[in-house]
Amino acid sequence: MYCLQWLLPVLLIPKPLNPALWFSHSMFMGFYLLSFLLERKPCTICALVFLAALFLICYSCWGNCFMYHCTGSQLPESAHDPSIVGT
């Protein structure tokens, strides 16, 4: 389970509030995961645990899935604040 220390923080990186940055964020995270899996070659158990956690987060639409934005979920209230989105 040593290899999970490099994978689990990826789930904690928040998605940007600005919807214009969602595509670049998802591309960065996808390329990071792909390069990590190709370079470090984590054990099968670690990879399966991470993919299961990623699937459950994205399937539940909690709002932290970096792959896509669920259509039914609302943006946080701070997303409508121009002082935050403009930074």
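Residues numbered from 1 in each chain as written. Predicted model: local features only at pLDDT ≥ 70, side-chain atom pairs only at ≥ 80, totals over all residues. Heavy atoms only, no water.

Peer 1: If you had to explain the nonpolar core to someone new, which residues and values would you point to?
Peer 2: The nonpolar side chains of a soluble globular protein tend to be buried with one another. Leu4, Leu7, Val10, Leu11, Leu33, Phe50 and Leu54 are the most contacted members of the largest nonpolar core, which totals 14 residues. Looking at this core, the elements that each hand over two or more residues are α1 (4-12), α2 (22-40) and α3 (44-60). At five residues, α3 tops the list of elements feeding residues into this core. Residues within four places of Leu4 in sequence aside, it is in contact with Pro9, Cys46, Val49 and Phe50. (Core = buried A, V, L, I, M, F, W, Y, C linked by side-chain atoms within 4.5 Å. Buried < 20%, exposed > 50% of the residue type's maximum accessible area, 1.4 Å probe, protein only. Helix = DSSP H or I, 4+ residues; strand = E, 2+ residues; numbered from the N terminus. Contact = heavy atoms within 4.5 Å.)

Peer 1: Break down α2 for me, citing the residues and quoting the values.
Peer 2: Between its terminal C-alpha atoms α2 stretches 26 Å, which fits the 27 Å expected from 19 residues at 1.5 Å a residue. Residues Trp22, His25, Ser26, Met29, Leu33 and Phe36 constitute the buried set of α2. One side of α2 carries all its buried residues, which in axial view fall inside an arc of 100 degrees. What points out from α2, more than 90 degrees from its buried face, is the exposed set Phe23, Phe28, Phe31, Leu38 and Glu39. Positive backbone phi, approximately 50 degrees, marks Lys41, located one or two places after α2. (Expected span 1.5 Å × (residues − 1). Arc of directions from axis to C-beta.)

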